[in-house]
Amino acid sequence: MNFSLFDLHNHLLPLVDDGPISMDETMEIVSLSELQGVHTIVATPHKKDVNELHSVTYVKDLLEEANQICSERGYSTRLKLGMENHLDPSLPDDISTGTALPIEGSKYILVEMPYVRKSNFIEDVLSQILEMGLVPIIAHPERMELFQYNPNLLSKLVRNGAVTQLTASSVYGKFGSTVQRFTEQILRCNLGHILASDTHMSRGERSPDLLKGYFEVSKIVGVESARDMVSTLPGAILDDKALNLKGPIDIGYRAE
Ligand SMILES: [Fe+2]
């Protein structure tokens, strides 16, 4: 590979949420990621766990400690801080008070939709976030029933200014064939912008697999678009720059 990969969604901070159980396991995740060409990882612990069990200050300190250990152990990877922010009506207030975090202080914020088939507040909350000058990045839309049963909602949100993040393992079927088929449709309709690993552990299910995801995406949309998803666009997000995205096409797909 002649370019670095960026992993924008990763639960690698230890004992914060349902991620790794020790700092050693965190370093295993770093090591496995580096072997795949990933040199920048955004730690995205769940907002609920950070605020109910710890604090934003705690995770900032933990990130600093993890970066220090990375350097001591000779890893070139740098860890940045974000958060996986569950979307509910209080999210705009949580952003204002600093209990919900954008990615590394940028205008981009990772948002996880409610795990329900229908929701009446999503569009309103997302438009409030856009009005605050932030850009919501919708985490793994391919895994959400909300979009599987109403794919045009995803097109609409993207047209309104949202960005999407697909999960590497969805592309090669780890979440089942429904998710895999929907992922392919999202990709073919220019509705998948970022590819990330959503790593939770160093081994087994949900371990680092961004490179594998990149190769699988390449087979569907070509090498150039796949590279945009793991390098160009996430790099621009971390530099807090505007994104040059292809226009979305409406999805004809609907879950059976
Ligand atoms: Fe996640």
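Because the structure is a prediction, the values reported are computed rather than measured.

Once that is clear, we can look at the coordination of the iron ion. At this site the iron ion is bound by H9 (NE2), H11 (NE2), E84 (OE) and D198 (OD), with donor distances of 2.1 to 2.4 Å. Each of the four donor atoms bound to the iron ion contributes to angles spanning 83 to 170 degrees, and the resulting shape is irregular. Within one chain, the residues donating to the iron ion are spaced in sequence as H-x1-H-x72-E-x113-D. Of this pair, H11 sits in the loop between strand 1 (5-10) and helix 1 (23-35) while D198 sits in the loop between strand 8 (194-196) and helix 10 (210-221), and the two are 187 residues apart along the sequence. Each of the two residues, H11 as well as D198, counts as buried.

Comment: phi is negative for the bulk of residues other than glycine, and the bulk of peptide bonds are trans. You will see that D198, though not glycine, has its phi angle at about 50 degrees, which is positive. Note on D198: relative accessible area 2%, which makes it buried. For D240, which is not glycine, the phi torsion reads 60 degrees and is therefore positive. On the secondary structure map, D240 appears in the segment after helix 11 (223-238). Overall, the relative accessible area of 34% leaves D240 in the partly exposed class.

It is worth spelling out the packing of helix 10 against helix 11 at this point. Where helix 10 contacts helix 11, the two axes come as close as 7 Å, and the packing angle between them is 145 degrees. The interaxial crossing formed by helix 10 with helix 11 has right-handed handedness. On helix 11, the residues touching L210, Y214, V217, S218 and V221 of helix 10 are V223, S225, A226, R227, M229 and V230. Of the residues contributing to the contact of helix 10 with helix 11, the split by class is eight nonpolar, two polar and one charged.

The rules behind each value
Residues numbered from 1 in each chain as written. Predicted model: local features only at pLDDT ≥ 70, side-chain atom pairs only at ≥ 80, totals over all residues. Heavy atoms only, no water. Donors = N, O, S within 2.8 Å, 3.2 Å for Na, K, Ca; no water. Tetrahedral: all angles 85-135°; square planar, octahedral: opposite > 155°, others 65-115°. Helix = DSSP H or I, 4+ residues; strand = E, 2+ residues; numbered from the N terminus. Buried < 20%, exposed > 50% of the residue type's maximum accessible area, 1.4 Å probe, protein only. Axes fitted to C-alpha atoms, helices over the stretch in contact; angles between N-to-C directions. Left-handed = near helix turned anticlockwise from the far one by under 90°. Contact = heavy atoms within 4.5 Å. Nonpolar A, V, L, I, M, F, W, Y, C, P; charged D, E, K, R; others polar.

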